[in-house]
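In case you want the letters, here they are:
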There are 4 protein chains.
Amino acid sequence: MGTRSGILVPNRKFNPTLKMPSLLIRSIIASLGLAFAALTPAKAEIHGGPEPITVAQLETAQQGWCDALLAISKIHHEGGDARALAEQIIDAAYNYEAAPVLFKPTLTHGEQTFRTTRQGALAYFVGGDADFPDDAGFALKPWASARFVNEGTYIEGNLGITMGHVILTDDAGKKTIVEKTWVFRRGDDGALRIVLHKSTIPFSPAS
Amino acid sequence: MGTRSGILVPNRKFNPTLKMPSLLIRSIIASLGLAFAALTPAKAEIHGGPEPITVAQLETAQQGWCDALLAISKIHHEGGDARALAEQIIDAAYNYEAAPVLFKPTLTHGEQTFRTTRQGALAYFVGGDADFPDDAGFALKPWASARFVNEGTYIEGNLGITMGHVILTDDAGKKTIVEKTWVFRRGDDGALRIVLHKSTIPFSPAS
Amino acid sequence: MGTRSGILVPNRKFNPTLKMPSLLIRSIIASLGLAFAALTPAKAEIHGGPEPITVAQLETAQQGWCDALLAISKIHHEGGDARALAEQIIDAAYNYEAAPVLFKPTLTHGEQTFRTTRQGALAYFVGGDADFPDDAGFALKPWASARFVNEGTYIEGNLGITMGHVILTDDAGKKTIVEKTWVFRRGDDGALRIVLHKSTIPFSPAS
Amino acid sequence: MGTRSGILVPNRKFNPTLKMPSLLIRSIIASLGLAFAALTPAKAEIHGGPEPITVAQLETAQQGWCDALLAISKIHHEGGDARALAEQIIDAAYNYEAAPVLFKPTLTHGEQTFRTTRQGALAYFVGGDADFPDDAGFALKPWASARFVNEGTYIEGNLGITMGHVILTDDAGKKTIVEKTWVFRRGDDGALRIVLHKSTIPFSPAS
């Protein structure tokens, strides 16, 4: 039965209203038999600061990644410049310009398991890099659909984390399911960029 | 008429939708004449992480401070233990347990302008501390009402900032208006505690 | 003698080593009579993420503001374009491009006390704006020196706060001391920009 | 030879000194032929706010996890209460009290792949839970040593991320290498707790 019995409800436990210090103060005051007026905001105010990351933004970024994979595959099979598109997408979606990215793609292994550089990411997606001889170009496969199924998310400050699956289907209808974790960073420009991406083949108890 | 002509609307400029990287990716994709399915969240997810601070929480904390000032005044004039109540309120509302607080009360001056310690804050509110001989106890005055009027707020990460006025009225109906800035910190327990509090008499051009 | 008796030492109380969960785990382990090897970092690692704000950076930003005030004054008295310089400095040092700034300058009052817009800030520094008729141009005074003296700072996440005094001296040797609080925000470009600035004349008990 | 040729040096690209706004201001000032005094901090200041997370803290927390695994194994094989120890360790090292944890252990699969609840984590480590029938108790194996080898880290705000391997050796000398990613959250108490943990068997191109 365990963790998956039934629909799981949102569960953000922080900031319980009863612990608000103003309410603590009111509790202290009430214990004295005193009472005060309700809060009546007095005038229009202006508000600034970065908007917090939302779950919807994480999901949109995840679907954007899925769509991008399909787009690279499609342009490749139509004879277009898959490498150029992959470069645009990596620059838009990954954080390589600002920091090394903790990227562990699905099919990498050995000394080249981790792709902390833009070069290593590009090689993984479109291949053709002599420095990464085992890379055939994951995005060049004939992908027909790609979608994510999240188990959960965690958002704090400038970072939003997802964990779940991505389900890929190729043009022959063959499904590939991977376990995938992303950490996105929201930049000053409002964009979410990937700072961590770990994709793995699910464990099979038979193996 | 400058900054105050008319009602000012909320103005949080960050995170413009058009800059979302997934939308950038979609724009790249669209420019190629490709199209993909809309986002359809696939299943119930669980979500974690501290809830972002809201303007309503800042305002509740501000009103809590105003109510607390009145409560200390009231208990004092009813012969109760104003010092004990002030201690409870300082511990609930200020961040002294975790860090020095950048507290500059309205009427302090000279060498004792800043009250970065709990002792200095308590002396200001209820007086009676030989180390702070000029403190008569600001909260012991016969306050009849206290309310805030914000000019604006700024929220980012664990900190929320307010700037505006607090309007105090004593039992003879005399009004005191101070300019007040707070920085509140949201703790892991969900409580907002004051890390900065600067209160000042408005500048008078005649003086 | 209260808060000012002697030199105050740095006081950042968070993150006490004894509370580290790994040490808690070691304590649990030790209580069982077990022992394990010391940490020996195994290989070169790469590290990413924005560098935390430092006190030195806050102080450099504060001195930058002081220098900028002097520069505007100097160029004005040499017949240069003080307005153009002030615009460059406001754009470099204040956060108006991203959000309203909670700016309460020293000499503002009444309906125009707060300068949440770039226009209001520029008017304060160099005057000459019909929308702000009381502004004579604070930076146009014949300032000869400007320096800050901090009482304390508070740094968390992308925000760094200072509280203390700024001491201005004009070309006749007359000193003006103001109480000043800044909140700086560190942007993705590494720059610190002002999101809150409150400057006030010290309270005088005689008045 | 790609990403792994030679020793990689630390690489935190944010906050480049040349972009400091105060330096921009100095550059503006210098371009006018003006010059100003160097920064001379004027007096002792007090500093508050949570200390930023360090790489050393992340590594200590990682080694703490490794030591804890060994401790559970050891107590089990000595006839002690492995379950009670595992509960203490989960409560100290994971963030379940505050939020669901995005935990994907090495050997889980199918409907019970993710262990977002404390119950699911405990079942994985020590087994014996009818709700998780495939769990034999990963920590009950006869582990003789455990150490981590990081590829890289990313730190921002309250979160610190690691990616790399963990190398386990059992009492027969057999090595198990897993790819492991952690996201730790620093709490107000200074403790680092796990908010995400993904552990996987390395991809084998032969399979």
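Since we're looking at a predicted model, the values are computed, not measured.

Draft legend 1. Geometry of the overall build of chain A. In terms of regular secondary structure, chain A is built from four helices and six strands. Counting helices and strands in the order they occur from the N terminus, chain A gives α-β-α-α-β-α-β-β-β-β. Expressed as a percentage of contacts within chain A between residues at least 6 apart in sequence, the contacts between residues at least 24 apart total 48%. Of the roughly 7,800 Å² that chain A leaves accessible, carbon and sulfur atoms contribute 56%.

Draft legend 2. Representation of the side chain of D:N150. Following the sequence through the fold, D:N150 ends up in strand β3 (residues 143–156). Within the local environment of D:N150, its side chain forms a polar contact with the side chain of D:Q62, the two groups lying 2.8 Å apart.

Draft legend 3. How the structure looks around the environment of A:P105. Residues and elements named next belong to chain A. Relative to the elements of secondary structure, P105 occurs in the loop between β2 (102–104) and α4 (118–126). In this structure the C-alpha to C-alpha distance between P105 and G120, which are 15 residues apart in sequence, comes to 10.0 Å. Here P105 is in contact with T113, R115, Y124 and S199, once residues within four sequence places are set aside.

Draft legend 4. Structural context of the relation of the copies chain C and chain B. Taken as rigid bodies, chain C and chain B are interconverted by a rotation of 180° and an axial shift of 0.0 Å, the fit giving an RMSD of 0.0 Å. Both copies are brought into coincidence by an operation consistent with a two-fold rotation axis. Comparing contact sets, 100% of the residues at the interface of chain C also lie at the interface in chain B, consistent with an isologous, same-surface contact.

Draft legend 5. Region of interest: the packing of aromatic side chains. By the definition in use, this model includes 44 aromatic pairs over all chains. Where A:Y124 meets A:F138, the ring centres are 5.5 Å apart and the plane angle is 15°; that geometry is what we call stacked. Of this pair, A:Y124 sits in helix α4 while A:F138 sits in the loop between α4 and β3 (143–156), placing them 14 residues apart in sequence. Residue A:Y124 shares its accessibility class with A:F138, and that shared class is buried. Within the aromatic cluster, the residues linked to one another by ring pairs are A:W65, A:Y94, A:Y96, A:F103, A:Y124, A:F125, A:F138, A:W143, A:W182 and A:F184. Positioned over the ring face of D:W65 is D:K180, at 4.3 Å from the centre of the ring.

Draft legend 6. Structural context of the sheet that holds strand β1 (residues 46–48) of chain B. If you trace the six strands from one edge of the open sheet to the other, you get β2(A)-β6(A)-β5(A)-β4(A)-β3(A)-β1(B), paired in mixed fashion. Pairing within the sheet leaves two strands with one partner each, and these edge strands are β2 of chain A together with β1 of chain B. Strand after strand, the sheet turns through a mean of 30° between neighbouring axes, direction not considered. Of the pairings in the sheet, the one linking β3(A) to strand β4 (residues 159–170) of chain A comprises 12 bridges and is antiparallel in character. Each residue of the ladder has a partner; that of A:W143, found in β4(A), is A:D170. Sitting on the sheet, helix α2 (residues 55–77) of chain A is in contact with β3, β4, β5 (175–186) and β6 (192–200) of chain A together with β1 of chain B, with an inclination near 155° to β3(A).

Draft legend 7. Expanded view of the interface of chain C and chain B. Contact with chain C, which involves 53 residues of that partner, is made by 53 residues of chain B. Buried surface at the junction of chain C and chain B, both sides included, amounts to about 4,700 Å², of which 66% is carbon and sulfur. Together, C:F114, C:M163 and C:F203 form the three largest contributors to the area buried by chain C at its contact with chain B, with a combined 16%. Seen at the junction of chain C and chain B, the total is four salt bridges. A salt bridge links B:E156 to C:R185, with the nearest nitrogen and oxygen atoms 2.7 Å apart.

Draft legend 8. Representation of the sheet that holds strand β6 (residues 192–200) of chain C. Strands sit in the order β2(C)-β6(C)-β5(C)-β4(C)-β3(C)-β1(D) across an open sheet of six strands; the sheet is mixed. Two strands in the sheet have a free side with no partner beyond their single neighbour: β2 (102–104) of chain C together with β1 (46–48) of chain D. Taking each pair of neighbouring strands and ignoring which way they run, the sheet shows an average axis angle of 30°. Relative to β1(D), strand β3 (residues 143–156) of chain C runs parallel, the two sharing three bridges. In the strand pairing of β1(D), C:Y154 is matched with D:G48.

Draft legend 9. Main features of the pattern of salt bridges. Scanning all chains against the criterion turns up 32 salt bridges over all chains. Across the pair C:E78 and C:K74 runs a salt bridge, and its minimum N-O distance is 2.8 Å.

Draft legend 10. Main features of the confidence of the model for chain A. Residues and elements named next belong to chain A. Averaged over all residues, the pLDDT of chain A is 87; the fraction at 70 or higher stands at 81%. For residues 1–20, every residue scores under 50 in pLDDT, and the model assigns this stretch 54 contacts once sequence neighbours within four places are set aside. Here the predicted complex scores 0.87 on pTM and 0.86 on ipTM.

Draft legend 11. Highlighting the packing of helix α3 (residues 82–93) of chain A against α4(A). Residues and elements named next belong to chain A. One way to put it is that α3 packs onto α4 with a least axis distance of 10 Å and a crossing angle of 135°. Here α3 is positioned oblique relative to α4, judged by the angle of their axes. When you trace α3 past α4, the crossing you get is right-handed. Contacts between α3 and α4 involve A82, R83, A86, E87, I90 and D91 from the former and R118, A121, L122, F125 and V126 from the latter.

Draft legend 12. The arrangement of helix α3 (residues 82–93) of chain D in detail. All names here are of chain D. Its 12 residues place the ends of α3 16 Å apart at the C-alpha level, agreeing with the 16 Å of an ideal helix rising 1.5 Å per residue. All of the buried residues in α3 are A82, L85, A86, I89, I90, A92 and A93. The arc that holds the buried residues of α3, viewed along the axis, is 165°, so those residues lie on one side.

Conventions and cut-offs
- Residues numbered from 1 in each chain as written.
- Chains lettered and ligands numbered in written order.
- Predicted model: local features only at pLDDT ≥ 70, side-chain atom pairs only at ≥ 80, totals over all residues.
- Heavy atoms only, no water.
- Helix = DSSP H or I, 4+ residues; strand = E, 2+ residues; numbered from the N terminus.
- Contact = heavy atoms within 4.5 Å.
- Areas by Shrake-Rupley, 256 points an atom, 1.4 Å probe, with all protein chains shown as cover.
- Polar contact = N/O pair within 3.5 Å; in protein donor to acceptor, adjacent residues only side chain to side chain.
- Least-squares fit on C-alpha atoms with pLDDT ≥ 70 in both.
- Phe/Tyr/Trp six-rings, centres within 6.5 Å; stacked < 30°, edge-to-face > 60°.
- Buried < 20%, exposed > 50% of the residue type's maximum accessible area, 1.4 Å probe, protein only.
- Lys NZ or Arg CZ within 6 Å of the ring centre and 35° of its normal.
- Pairing = 2+ DSSP bridges.
- Axes fitted to C-alpha atoms, helices over the stretch in contact; angles between N-to-C directions.
- Buried area = accessible area lost by both parts, 1.4 Å probe.
- Salt bridge = Lys/Arg side-chain N within 4 Å of Asp/Glu carboxyl O.
- pLDDT = per-residue confidence, 0-100.
- Parallel < 35°, antiparallel > 145°, perpendicular 65-115°, else oblique.
- Left-handed = near helix turned anticlockwise from the far one by under 90°.
- Expected span 1.5 Å × (residues − 1).
- Arc of directions from axis to C-beta.

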